[in-house]
Amino acid sequence: MIERFDKVVTVASNMTSYFMGLSETKEHKFHTILNGFDPEENLGFIRNRADSEFRFVFVGTVYNKTLMHVQQLSLALNNLKMKDVSFHFYGDMSNDVRETLSQAFGVCIHGSVSLVEAKQAVVDADACMLLLTDDITYSFSTKFCEYISFQKPIWVISNDGKTSQYVLENEIGIHSTPETASIHRFLEMFVQDKSVLNSVGYQMFNSEQFSLEHLSKMYLNVLKTNQEPFSL
């Protein structure tokens, strides 16, 4: 299939390199265009909560491969028992993940919700979480783009990879490895002084690079030229 098609587009440079390695054709047929968001789909959403509680939100599927991440997070939460801080999970998860999270202090499990409810959950969040398995630490997933579209600080829990590096370099989030000590260290700092997240912001970040309009232009460029349009 790769040999027969004129253009091959993936959402991550790691994936592009993989498929390129399977091919004997010229490199210019392979392109990387990241996931993104449609700004028009975000119109009309406003923050809909007045409480002073700090809310971390995860939206999407919690894959069973991240069970260790969830276990380490739960241990840290039960250790600290933070007041006025909550952790909300929207989306599907395995029974093992659900059982672990249900026993964690301050966690609320909402299950599958509509797209509108998911977007509202992100809007109402003070920060958003991203749990990445070891095989996709380079991922710029749709939920990652959703967080960016609403300019939410992103807490990445994963081993070192391109995603965590990007978040740190662009100062739009923080990173913890999936170990109790690393997660505990951040949460303890956060409990002592919530301003630890003050260094996170979107003042210098151009989220338009993930917008549908920009990505559409890149696809048109792929059709018109043989140049690599974008990569991270």
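Residues numbered from 1 in each chain as written. Predicted model: local features only at pLDDT ≥ 70, side-chain atom pairs only at ≥ 80, totals over all residues. Heavy atoms only, no water.

1. Quick look at the pairing of strand β3 (residues 54–59)
Across a regular strand the side chains alternate sides, sitting on one face of the sheet and then on the other.
Part 1: The buried fraction of β3 is high, at six of six residues.
Part 2: Side-chain alternation along β3 places F54, F56 and F58 on one buried face and R55, V57 and V59 on a second face that is also buried.
Part 3: Relative to strand β4 (residues 85–90), β3 is paired through six bridges, and the arrangement is parallel. Its bridge partner lying in β4, V59 is registered against Y90.
Part 4: Where the polypeptide runs from β3 across helix α2 (residues 67–80) and back to β4, its parallel neighbour, the crossover connection is right-handed.
Part 5: Bridge analysis of β3 against strand β6 (residues 127–131) gives two bridges, and the strand direction is parallel. Along β6, the bridge assignment pairs V57 with C128. (Buried < 20%, exposed > 50% of the residue type's maximum accessible area, 1.4 Å probe, protein only. Helix = DSSP H or I, 4+ residues; strand = E, 2+ residues; numbered from the N terminus. Pairing = 2+ DSSP bridges. Right-handed = clockwise from strand over helix to strand, strands pointing away.)

2. Section: the pattern of salt bridges
Part 1: Considering all chains together, one arrives at seven salt bridges under this definition.
Part 2: The salt bridge involving R55 is made with D51; its shortest N-O contact spans 4.0 Å.
Part 3: Residue classification places D51 among the partly exposed positions, given a relative accessible area of 37%.
Part 4: Residue K217 pairs with E213 through a salt bridge whose shortest N-O separation is 3.8 Å. With K217 and E213 both in helix α8 (residues 212–224) and four residues apart, this pair spans about one turn of that helix.
Part 5: By sharing partners, the salt bridges in this structure join R47, R49, D51, R55 and D126 into a single network. (Salt bridge = Lys/Arg side-chain N within 4 Å of Asp/Glu carboxyl O.)

3. Brief notes about the packing of α2 against helix α7 (residues 180–192)
Part 1: Packing of α2 against α7 leaves a shortest axis separation of 9 Å and a crossing angle of 45°. As summarised for this structure, α2 and α7 are arranged oblique, according to the angle between their axes. For α2 against α7, the interelement crossing comes out right-handed. Of α7, the residues touching α2 (which contributes H69, Q72, L73, L75, A76, L77, N79 and L80) are T180, I183, H184, L187 and E188.
Part 2: Considered class by class, the residues forming the contact of α2 with α7 number seven nonpolar, five polar and one charged. (Axes fitted to C-alpha atoms, helices over the stretch in contact; angles between N-to-C directions. Parallel < 35°, antiparallel > 145°, perpendicular 65-115°, else oblique. Left-handed = near helix turned anticlockwise from the far one by under 90°. Contact = heavy atoms within 4.5 Å. Nonpolar A, V, L, I, M, F, W, Y, C, P; charged D, E, K, R; others polar.)

4. Details of the side chain of T32
Part 1: For T32, the position within the fold is in strand β2 (residues 30–32).
Part 2: Relative accessible area serves as the criterion here: at 2%, T32 is assigned to the buried category.
Part 3: Here T16 takes part through its side chain, which lies 2.5 Å from a polar atom of the side chain of T32. (Polar contact = N/O pair within 3.5 Å; in protein donor to acceptor, adjacent residues only side chain to side chain.)

5. A word on the packing of α2 against helix α3 (residues 95–102)
Part 1: Close contact between α2 and α3 brings their axes to 9 Å; oriented N to C, the two are set at 10°. It follows that α2 is roughly parallel to α3 by the angle criterion. Judged by residue contacts, L67, V70, Q71 and S74 of α2 engage D96, V97, T100 and L101 from α3.
Part 2: Broken down by class, the residue content of the contact of α2 with α3 amounts to four nonpolar, three polar and one charged.

6. With respect to the side chain of T177
Part 1: Mapped onto the elements, T177 comes out in the loop between β8 (173–176) and α7.
Part 2: Ignoring sequence-local partners within four residues, the contact set of T177 consists of I157, S158, D160, S182 and I183.

7. Here we look at α2
Part 1: Under the 1.5 Å per step criterion, the end-to-end length of α2 is 20 Å for 14 residues, consistent within 8% with the ideal 20 Å.
Part 2: Among all positions in α2, only L67, H69, V70, Q72, L73, S74, A76 and L77 are buried.
Part 3: On the buried face of α2, the contacting elements are β4, α3, β5 (107–111), β6, β7 (154–157) and α7.
Part 4: Downstream of α2 by a residue or two, K81 has a phi angle that is positive, lying close to 50°. (Expected span 1.5 Å × (residues − 1).)

8. Here's the deal with unusual backbone geometry
Part 1: A positive phi is found at D84, a non-glycine position, where the angle reads about 60°.
Part 2: Mapped onto the elements, D84 comes out in the loop between α2 and β4.

Remember that the coordinates give geometry; whether it matters functionally is a separate question.
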